[in-house]
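Structure at a glance
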Amino acid sequence: MDSFKKKRLLIIAGDYVEDYEIMVSYQALLMVGHEVCVACPNKKQGEKIKTAIHQSEGDQTFSETPGHNFTLNYSFDDIKPEEFDALIIPGGRCPEYLRLDKRVLEITQYFLRENKPLAAICHGIQVLLAAGITGREVCCQRCVIPEVAPGGAIYKQVDDITDPVIDGNLVTGVNWRSTPKWLAALLKILGTEISSK
């Protein structure tokens, strides 16, 4: 761990973000020593967002049950994207309205333009598509697939639902089941090595 370089990571989320994708990501990235700032449009540090747990239970679409309330530790209006080493966009229902926020798109476009590490999972890919990830390979939640080609990206089928798709500094995952490998891929891009002795 002598060569460990702490990174400053930004997570943009909103109400009804997928519980596992924000909670596990936040805790795991803190655990390895990174600074993790979580912000939501129109909210300040100390305010809360609601999370939801989405499950495929054999119905025609996934079910949704309440998750945890997540306390934001960063004010959205204070975001200066150049001060962060990576952007993370979890899924759930929030990306469908986050992609309508001009500032969210500007922040995402900054990371794309500067080729900084960018990770999105599940419905989070909707934000990337709205920001213009033309020509990049992604995977995503099944119901988002029809948006990929019209959004200018390339859908890549994964062999296993837990596998991420890596395209340069961009890493995407299918859904919450992908979180461990998706985060591992992001950590590799960040140059974070974890070893046991």
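Before any of the text, the structure's been laid out above.
The paragraphs below set out a description of the structure included in this document.

Some details on the overall build of the chain
- Scanning the chain from N- to C-terminus turns up six helices and 11 strands.
- Taken against the 2.2 N^0.38 rule, which gives 16 Å for 197 residues, the C-alpha radius of gyration of the chain at 16 Å falls within 12% of a compact globule.
- The principal-axis extent of the C-alpha atoms belonging to the chain is close to 50 × 35 × 35 Å.
- Within the span of the chain, comprising 197 residues, buried residues form 49% of the whole.
- Within the chain, counting contacts between residues at least 6 apart in sequence, those at least 24 apart form 68% of the total.
- Of the roughly 9900 Å² of accessible surface on the chain, a fraction of 49% belongs to carbon and sulfur atoms.
- Measuring between centres, the 22 positive side-chain charges of the chain sit 4 Å from its 26 negative side-chain charges.

Thoughts on unusual backbone geometry
- With a phi angle near 65 degrees, Asn42 is a residue other than glycine that sits in the positive phi range.
- Tracing the backbone through its elements, the reader meets Asn42 in the loop between β3 (35-39) and β4 (48-55).
- The class for Asn42 is exposed, based on a relative accessible area of 76%.

Things to note about the pattern of salt bridges
- Throughout the structure, instances matching the rule amount to eight salt bridges.
- Residues Arg103 and Glu106 are paired through a salt bridge, measuring 3.5 Å at the closest nitrogen-oxygen approach. Of the two residues, Arg103 and Glu106 are both situated in helix α3 (residues 102-113); the distance of three residues between them amounts to about one turn of the helix.
- Here Arg103 falls in the partly exposed class, since its relative accessible area comes to 33%.
- By relative accessible area, Glu106 is classed as partly exposed at 33%.
- The structure contains a network of salt bridges with shared partners spanning Arg8, Glu35 and Glu83.

A look at helix α1 (residues 19-31)
- Given a rise of 1.5 Å per residue, 13 residues ought to cover 18 Å, and the 18 Å separating the end C-alpha atoms of α1 matches this to within 8%.
- For α1, the set of buried residues is Asp19, Glu21, Ile22, Met23, Ser25, Tyr26 and Leu29.
- Backbone nitrogen of Tyr20 and a side-chain oxygen of the N-cap are separated by 3.2 Å at the start of α1; the cap is Glu18.
- After α1 finishes, the residue Gly33 shows a positive phi value of roughly 110 degrees.

Conventions used here
Residues numbered from 1 in each chain as written. Predicted model: local features only at pLDDT ≥ 70, side-chain atom pairs only at ≥ 80, totals over all residues. Heavy atoms only, no water. Helix = DSSP H or I, 4+ residues; strand = E, 2+ residues; numbered from the N terminus. Rg over C-alpha atoms; globule rule 2.2 N^0.38 Å. Buried < 20%, exposed > 50% of the residue type's maximum accessible area, 1.4 Å probe, protein only. Contact = heavy atoms within 4.5 Å. Areas by Shrake-Rupley, 256 points an atom, 1.4 Å probe, with all protein chains shown as cover. Lys, Arg positive; Asp, Glu negative; His and termini not counted. Charge placed at Lys NZ, Arg CZ, Asp CG, Glu CD. Salt bridge = Lys/Arg side-chain N within 4 Å of Asp/Glu carboxyl O. Expected span 1.5 Å × (residues − 1). Polar contact = N/O pair within 3.5 Å; in protein donor to acceptor, adjacent residues only side chain to side chain.

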